[in-house]
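Structure at a glance
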Amino acid sequence: MNAQQVGAGVVGAREAAAGAPVAGTAARHCRAEDVSSAPRIEHGTAAFIRTNCAIFASGLATFALLYCVQPLMPVLSDTFHVGATGASLSLSLTTAFLAVSILIAGALSETWGRKPMMVGALLLSSMLTLVSASLHHWESFLVARALLGIALSGLPAVAMAYVAEEMHPRSLGLAMGLYVAGSGLGGMAGRLLVGVITDLSDWRMALVSMGLIGLVCAAILWRCLPASRHFVARPLRFAPLFQTYASHLRSATLRWLFVISFLLMGSFVTLYNYVGYKLAAPPFSLTHTQIGLVFSVYLCGVVSSACMGSVSQRVGRPRMLPITFGVMLIGALLTCAGAVWAVVLGIALMTIGFFGTHAVASAWVSAQAPVGRAQAASLYLFTYYLGSSVLGSLGGVFWTWRGWPGVVAMIVVLLVAGVGAAWRLRKQAG
């Protein structure tokens, strides 16, 4: 009996205990038998190409819509007459609502279905971005961005669950790597493309452009993503939902992976939040355009996520995580150098290690949770975005305390802790 059948059996038992009709349970068992016999998507097939085009587009749109306000914060300060702290709410509110909502979104997809949830979330997020471009009051703009975080929650965890369910185990690492690659490209586009369009036109047109890109990606997702063949819809019940979350938290492997996601995203966001200040100050004194070009090293992460996801399938995830964290640690230390090329190389290594770690860890979470994958992915992404919000803001304290060396010291501590967690996972896996 495979994991899908076990999951269906557990749900059926719960329904029987709650007085559900036996016929309904039997029908669900039949559907589980049907989906368990369906072939999974493998590398080298047309279905693999179509699926990954759709997943890539969803990752690109998610992070483009999420991070597109980051380079606009000075412009938003001038437009709405708010300070830097106030302007930062345009991103921090979105990630905060995303972190909380993602715990519910994964559960809703168990009832509504993976593909409908993903397409609907991307359509709504794109439309909210278009609406936000027309708003003239700061409070309403923040409300739109908060709602965007709620809408976006229907994409990341559900996409991870879909990939884990539909992909053949031999192709899971590559597929997850391609999804993370799309996320990386979207994060770069959201930061760089918006700046270029703002220079050519204004920030409102830049947000309109992001919203239109989101709509195009939603169309690609709807057209190319195959319907789920290894998913059985089940009614939304909160007691089983909390039991599923509790069972994931009882797993030592998943707990360590959640710790890793917190440390991983926190260290990465801290570097990207404050390295621009270092590059803009003497002795480098780079312009905003030059700093923007430095951040094009995001492309390194786009490539590394797919490559490391594939390599992890051959050498094993337990061996890969200490290596990818080590790459990040070397990169962080290099950013303390006095030469621009060394700082850029350090940022590139940090980016390569981050996306490689994220690709391997997210695939491991999905593989570790044969039942309740969407909930496992939700917990992973909850700690991921919590790390971004909490540790990214904490980095400002270290910047005020010791400047860039203080920020790097904080990042090094986080990464050393990440290496330790990765070694614990490796020992646990044998």
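Residues numbered from 1 in each chain as written. Predicted model: local features only at pLDDT ≥ 70, side-chain atom pairs only at ≥ 80, totals over all residues. Heavy atoms only, no water.

What follows is about the overall build of the protein chain. In terms of regular secondary structure, the protein chain is built from 17 helices and zero strands. Of all 430 residues assigned to the protein chain, the portion counted as buried reaches 56%. Contacts spanning at least 24 positions in sequence make up 83% of the contacts within the protein chain whose residues lie at least 6 apart. When the accessible surface of the protein chain is split by element, carbon and sulfur atoms take 70% of a total near 17,000 Å². (Helix = DSSP H or I, 4+ residues; strand = E, 2+ residues; numbered from the N terminus. Buried < 20%, exposed > 50% of the residue type's maximum accessible area, 1.4 Å probe, protein only. Contact = heavy atoms within 4.5 Å. Areas by Shrake-Rupley, 256 points an atom, 1.4 Å probe, with all protein chains shown as cover.)

Moving on, we get to the confidence of the model for the protein chain. For the protein chain, the average pLDDT comes to 80, and 87% of its residues sit at 70 or higher. The weakest mean pLDDT in the protein chain belongs to helix 1 (residues 3-17) at 31; the strongest belongs to helix 7 (residues 138-152) at 94. Counted against residues more than four places away or in other chains, residues 1-33, with its pLDDT under 50, gives 33 contacts. (pLDDT = per-residue confidence, 0-100.)

Right, let's get into the side chain of Ser267. Tracing the chain through its elements places Ser267 in helix 12 (residues 252-280). On the basis of relative accessibility, which here comes to 0%, the residue Ser267 falls in the buried class. If near-sequence neighbours (up to four positions away) are discounted, Ser267 is found in contact with Met328, Met350, Ile411, Leu414 and Leu415.

Another point: the packing of aromatic side chains. Inspection of every chain in the model, using the stated rule, returns 14 aromatic pairs. Pairing Trp138 with Phe141 gives two aromatic rings, centres 5.7 Å apart and planes at 15 degrees, and the pair type is stacked. Taken together, the positions of Trp138 and Phe141, both in helix 7 and three residues apart, correspond to about one turn of that helix. The pair Trp138 / Phe141 is uniform in exposure class, with both members buried. A ring pair is formed by Phe268 and Phe355, whose centres lie 6.0 Å apart and whose planes are at 75 degrees; its orientation type is edge-to-face. Within this pair, whereas Phe268 is found in helix 12, its partner Phe355 is found in helix 16 (residues 340-368), the two being separated by 87 residues in sequence. (Phe/Tyr/Trp six-rings, centres within 6.5 Å; stacked < 30°, edge-to-face > 60°.)

A few words now on the environment of Ser267. Taking C-alpha positions, Ser267 is 8.0 Å from Met410, a pair spaced 143 residues apart along the chain. A polar atom in the side chain of Ser267 sits 2.9 Å from the backbone oxygen of Leu264. (Polar contact = N/O pair within 3.5 Å; in protein donor to acceptor, adjacent residues only side chain to side chain.)

Attention now moves to the packing of helix 6 (residues 114-132) against helix 7. The geometry of helix 6 relative to helix 7 is characterised by a closest axis approach of 9 Å and an angle of 170 degrees between their N-to-C directions. By the criterion of interaxial angle, the relationship of helix 6 to helix 7 is roughly antiparallel. Contacts between helix 6 and helix 7 involve Ala121, Leu124, Ser125, Leu128, Thr129 and Ser132 from the first element and Phe141, Ala144, Leu147, Leu148, Ala151 and Leu152 from the second. Classifying every residue of the contact of helix 6 with helix 7 gives nine nonpolar, three polar and no charged. (Axes fitted to C-alpha atoms, helices over the stretch in contact; angles between N-to-C directions. Parallel < 35°, antiparallel > 145°, perpendicular 65-115°, else oblique. Nonpolar A, V, L, I, M, F, W, Y, C, P; charged D, E, K, R; others polar.)

Our next topic: the environment of Val275. Positionally, Val275 belongs in helix 12. C-alpha separation for the pair Val275 and Val407, spaced 132 residues apart in sequence, amounts to 8.9 Å. Filtering out sequence-adjacent residues up to four positions away, Val275 remains in contact with Phe295, Val343, Ile347 and Trp404.

Here we take up empty space enclosed by the protein. Applying the stated rule across the entire model yields three cavities of 30 Å³ or more. Lining the second largest cavity are 15 residues, and of these Phe63, Tyr298, Phe354, Phe355 and Tyr384 lie nearest its centre. Secondary structure elements with two or more residues in the lining of the second largest cavity: helix 3 (46-67), helix 9 (169-200), helix 12 and helix 16. Here the lining of the second largest cavity gets five residues from one element, more than from any other, and that element is helix 9. (1 Å grid on protein atoms, 1.4 Å probe; cavity = no way out; pocket = protein on both sides within 12 Å on 5 of 7 lines; lining within 4 Å. Points joined across faces, edges and corners; volume = space filled by probe spheres on them.)

What follows is about the nonpolar core. Leu321, Ile347 and Tyr385 are the most contacted members of the largest nonpolar core, which has 123 residues in total. Among the elements that take part in this core, helix 17 (residues 373-429) stands out by supplying 16 residues, more than any other. (Core = buried A, V, L, I, M, F, W, Y, C linked by side-chain atoms within 4.5 Å.)

With that settled, consider helix 16. Its 29 residues place the ends of helix 16 42 Å apart at the C-alpha level, agreeing with the 42 Å of an ideal helix rising 1.5 Å per residue. Summarising burial for helix 16: 21 of the 29 residues are buried, a large majority. (Expected span 1.5 Å × (residues − 1).)

With that out of the way, let us pick up the environment of Arg237. As for its placement among the helices and strands, Arg237 is situated in the loop between helix 10 (203-224) and helix 11 (238-250). Exposure remark for Arg237: the relative accessible area of 35% places this residue in the partly exposed category. C-alpha of Arg237 to C-alpha of Thr111: the two residues are 126 residues apart in sequence and 9.6 Å apart in space.

Enumeration over the complete set of coordinates arrives at zero disulfides. The thiol sulfur of Cys224 is not disulfide-bonded, and the nearest other cysteine sulfur, from Cys53, lies at 6.0 Å. (Disulfide = S-S within 2.5 Å.)

So, about the side chain of Thr335. One can find Thr335 in the loop between helix 15 (317-334) and helix 16. For Thr335, a relative accessible area of 0% corresponds to the buried category. Looking at Thr335, its side chain comes within polar contact range of the main-chain oxygen of Ala332, at 2.5 Å. Once residues lying within four places of it in the same chain are set aside, the contact partners of Thr335 are Leu271, Lys278, Val343, Gly346, Ile347, Trp404 and Val408.

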